[in-house]
Amino acid sequence: MEEPAKAAEKVEEETEESEGTEEALEAEEEEEEAEEEEEAEEEEEIPKVEEMREVEKEKELEEEIVEERFYTIPLRKAWISQRKKRAPRAMRIIRSFVEKHMKIRSEAVGEEEAEFLVISNEVNEKVWSRGIEKPPRKIRVRAVKDKEGVITVHLAEGD
């Protein structure tokens, strides 16, 4: 008779242990879910902040713009030079074209310290996209002059 009582006690202990582990597992799962929710909230907040910063920067840029013009710059003269010098020559042609048409201050041309003409990376990548030997025959750009007189050349939208 002692054996069934011991067996019953063992069964009770096992059920208590299993209940304890189930409760522990449930508690751990709840904690993990809470952590995942917090991480998801943090990830959602970051893009919102970045979007707000981008919008603010765009507004500042719009306020600073004094003049904005779109140009189609012919680069056919770059093809006259040697094959290995075409893309660099195309970049020089873009620079000289914008200097002439956007009227950079005459005293600014001689100075190398202050940059009054900035060609964006996207324009550079477009010219160099097919390598040094085959720059495009023409390129469409957007030239923007700000309050300080700095001209920035961007790739026109849609190109």
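One can find the structure itself at the top, above this paragraph.
Note that this is a predicted model, so its numbers are computed, not measured. (Residues numbered from 1 in each chain as written. Predicted model: local features only at pLDDT ≥ 70, side-chain atom pairs only at ≥ 80, totals over all residues. Heavy atoms only, no water.)

1. Digging into the side chain of D146
Next up, step 1: Take D146: it is sitting in strand β3 (residues 138-146).
Next up, step 2: Those residues in contact with D146, other than ones at most four positions away along the chain, are E64 and V66. (Helix = DSSP H or I, 4+ residues; strand = E, 2+ residues; numbered from the N terminus. Contact = heavy atoms within 4.5 Å.)

2. Observations regarding the environment of E148
Next up, step 1: With respect to the helices and strands, the residue E148 is situated in the loop between β3 and β4 (151-155).
Next up, step 2: Using a relative accessible area of 52% as the deciding quantity, one classes E148 as exposed.
Next up, step 3: As a C-alpha pair, E148 and V66 span 82 residues in sequence and 9.2 Å in three-dimensional space. (Buried < 20%, exposed > 50% of the residue type's maximum accessible area, 1.4 Å probe, protein only.)

3. Topic: helix α2 (residues 86-102)
Next up, step 1: Over its 17 residues, α2 extends 24 Å from the first C-alpha to the last, a length consistent with the 24 Å expected when each residue adds 1.5 Å.
Next up, step 2: Where α2 is concerned, the buried positions are R86, A87, A90, M91, I93, I94, F97, V98 and M102. Taken end-on, α2 shows its buried residues confined to a sector of 160°, consistent with a single buried face. Structural note: α2 exposes R92 and K100 on the side pointing more than 90 degrees away from its buried face.
Next up, step 3: Where α2 is buried, its residues touch β1 (65-74), β2 (117-119), α4 (121-128), β3 and β4.
Next up, step 4: Where α2 terminates, the next one or two residues include K103, which has phi positive at roughly 55°. (Expected span 1.5 Å × (residues − 1). Arc of directions from axis to C-beta.)

4. Remarks on the pattern of salt bridges
Next up, step 1: One pass over the structure, following the stated rule, counts 4 salt bridges.
Next up, step 2: K84 is the partner of E133 in a salt bridge, and the nearest nitrogen-oxygen pair spans 3.0 Å. Of this pair, E133 sits in the loop between α4 and β3 while K84 sits in the loop between β1 and α2, placing them 49 residues apart in sequence.
Next up, step 3: For K84, a relative accessible area of 52% puts it in the exposed group.
Next up, step 4: Through salt bridges with shared partners, one network takes in R83, K84 and E133. (Salt bridge = Lys/Arg side-chain N within 4 Å of Asp/Glu carboxyl O.)

5. Here's the deal with the nonpolar core
Next up, step 1: Residues I73, I94, V123 and I139 are the most contacted members of the largest nonpolar core, which totals 24 residues.
Next up, step 2: Breaking this core down by element, the ones donating at least two residues are β1, α2, β2, α4, β3 and β4.
Next up, step 3: Top element by residues in this core is α2. It accounts for 8 residues.
Next up, step 4: Discounting chain neighbours no more than four positions away, the residues touching I94 are I73, L75, I119, V123, V127 and I139. (Core = buried A, V, L, I, M, F, W, Y, C linked by side-chain atoms within 4.5 Å.)

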